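# Fold and geometry: a report
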Amino acid sequence: MSRFAIEPHPSPVSASERAGLLESPAFGTVFSDHMARIDWRAEGVGWHDHRLVPYGPLELMPATSVLHYAQEIFEGLKAYRWPDGSIRTFRPTANAERFGLSARRLALPELPVEDFLDSLSALVEMDQGWVPTGVGTSLYLRPFMFASESFIGVRAAHEVSYLVIASPVGAYFKGGVAPVSIWVDQRHHRAGPGGTGSAKCGGNYAGSLVSQELAYAHGCEQVLFLDALTSSNLEELGGMNVVVVMADGSVVTPPTSGTILEGVTRSSLLQLIRDRDLEVDERPVELAELLAGIKSGQVAEVFACGTAAVVTPVGWLAGEDFEVAVGDSQPGALTMSLYEELTGIQYGLREDKHGWTHRLV
Ligand SMILES: *Cc1c(COP(=O)(O)O)cnc(C)c1O
């Protein structure tokens, strides 16, 4: 039995209106009828009041701590409708554990893994009608935690809220998987040694938006960051990890040693690559080495990876003093076959050898 008390939405979206919304939802604009919530108080009670409530505005005092000092973390995962009628998610324990790591780094209380998993099941069970059925569609789940105490002194908050909201998403790439162009920011850094780079926190994103703007200004879709110490090694994109495929089939990717977010998609893909007896080398990758490899043909493919798009082929790389096409700017063969394999597992169309899928409903 779920410990989540249920306060049903007084006027949920009608089934016919919902069907319209699910037809081609634009990412992150439409939300299901309910949200999960658990609150925390330092004094005495700890985590309390597990509940499902109508999706709607939060009432916050202007002095609410998160609005001033950004003490906030989040996660992102998806619920998929399977051919057998069940609804599953992918490696949620990995997200729950990463949420714990992020919480520790941001001086937030750790939410028990069980509460994290239960909040997903409770919300998806309640709002299962919001899980779309089309190929490549899913219900995006966004757990987050923030300092909800009304206090503008600088210290870790004594009152914190945890919520999960859910947003139906269409196939990320409508006309098939399309390569993106990437601007390499040689001026700003996303994270530094000892900083918050390996935590999934809103603050990291706030600091990366100016680079994203720079990318747009240069006609690119995404931004790639370099390491803060030397500005010479690849780190990651604003919200995706980066992987380089060599012409000999081996794969190199920067190690997640503190300044890079450890993606669940990244670790799953690296496992699938190892399962194919291909070599995976987690080591620093110099921008200069990458550009030389692309020029010489030693680098065959570059892709970015994360929950939202799963795999995004990189077709072009540009920076202050370079502009190169990766291969023939078409999605690479390994990139596409990994995309097929991982999404096949997530949607219940391929064997789940590693036990990564998790039934919610
Ligand atoms: C969430 C995120 C990723 C991708 O992680 P997944 O678990 O694969 O979704 C990569 N980089 C950053 C900065 C992120 O916030």
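The following refers to the structure shown. On a predicted model such as this, the values are computed, not experimentally measured, just so you know.

### Digging into the environment of Leu-237
Relative to the elements of secondary structure, Leu-237 occurs in strand 11 (residues 234-237). C-alpha of Leu-237 to C-alpha of Asp-118: the two residues are 119 residues apart in sequence and 31 Å apart in space. Non-local contacts of Leu-237, meaning those with residues more than four positions away in its chain, are made with Ile-182, Arg-190, Gln-222, Val-223, Leu-224, Phe-225, Val-242 and Ala-304.

### A word on unusual backbone geometry
Across residues other than glycine, the phi torsion is negative in most instances, and most of the peptide bonds are trans. A positive phi is found at Asp-277, a non-glycine position, where the angle reads about 60°. Note on placement: Asp-277 falls in the loop between helix 6 (264-275) and strand 14 (280-282). For Ser-329, which is not glycine, the phi torsion reads 65° and is therefore positive. Note on placement: Ser-329 falls in the loop between strand 17 (322-325) and helix 8 (333-346).

### Section: the layout of surface pockets
In this model, the largest pocket occupies a volume close to 1,000 Å³. What lines the largest pocket is a set of 45 residues, and nearest its centre among them are Tyr-172, Tyr-205, Gly-239, Met-240 and Ala-308. Sorting the residues of the lining of the largest pocket by element identifies helix 3 (92-105), strand 7 (138-147), strand 8 (159-169), helix 5 (202-217), strand 10 (222-226), helix 6 and strand 15 (299-306) as the ones contributing at least two each. A total of 6 residues in the lining of the largest pocket trace back to one element, the largest contributor, which is helix 5. Partitioned by chemical class, the residues of the lining of the largest pocket number 23 nonpolar, 16 polar and 6 charged. Two domains each put at least three residues into the lining of the largest pocket: domain 1 (5-169) and domain 2 (180-346). Around the second largest pocket, the lining comprises 26 residues; the ones closest to its centre are Val-135, Gly-136, Thr-137, Thr-343 and Tyr-347. If you list the elements that add at least two residues to the lining of the second largest pocket, you get strand 5 (77-81) and helix 8. With 6 residues, the top contributor of residues to the lining of the second largest pocket is helix 8. For the lining of the second largest pocket, the per-class residue count stands at 14 nonpolar, 9 polar and 3 charged.

### Topic: the site of the ligand
Neighbouring the ligand are 15 residues, the closest being Lys-200, Tyr-205, Glu-236, Thr-265 and Thr-307. Lys-200 is positioned such that a nitrogen or oxygen atom in its side chain is 2.7 Å from an oxygen atom of the ligand. Within the contact set of the ligand, an oxygen atom lies 2.6 Å away from a side-chain nitrogen or oxygen of Thr-307. Relative to its unbound accessible area of 380 Å², the ligand is 96% covered by the protein chains. Of all the cavities here, the one that holds the ligand is the largest pocket. Residues belonging to the shell around the ligand are distributed by class as follows: 4 nonpolar, 7 polar and 4 charged.

### A look at the pairing of strand 16 (residues 310-319)
Of all the 10 residues making up strand 16, 9 are buried; the element is thus mostly covered by neighbouring parts of the structure. Both strand 15 and strand 16 contribute to a ladder of 4 bridges, which runs antiparallel. Its bridge partner being in strand 16, Phe-303 is matched across the sheet by Pro-313. Between the antiparallel neighbours strand 15 and strand 16 lie 3 residues. Relative to strand 17, strand 16 runs antiparallel, the two sharing 4 bridges.

Calculation criteria
- Residues numbered from 1 in each chain as written.
- Predicted model: local features only at pLDDT ≥ 70, side-chain atom pairs only at ≥ 80, totals over all residues.
- Heavy atoms only, no water.
- Helix = DSSP H or I, 4+ residues; strand = E, 2+ residues; numbered from the N terminus.
- Contact = heavy atoms within 4.5 Å.
- 1 Å grid on protein atoms, 1.4 Å probe; cavity = no way out; pocket = protein on both sides within 12 Å on 5 of 7 lines; lining within 4 Å.
- Points joined across faces, edges and corners; volume = space filled by probe spheres on them.
- Nonpolar A, V, L, I, M, F, W, Y, C, P; charged D, E, K, R; others polar.
- Domains from an automatic or database assignment.
- Near = heavy atom within 4 Å.
- Polar contact = N/O pair within 3.5 Å; in protein donor to acceptor, adjacent residues only side chain to side chain.
- Areas by Shrake-Rupley, 256 points an atom, 1.4 Å probe, with all protein chains shown as cover.
- Sits in = over half its atoms within 2 Å of the grid points.
- Buried < 20%, exposed > 50% of the residue type's maximum accessible area, 1.4 Å probe, protein only.
- Pairing = 2+ DSSP bridges.

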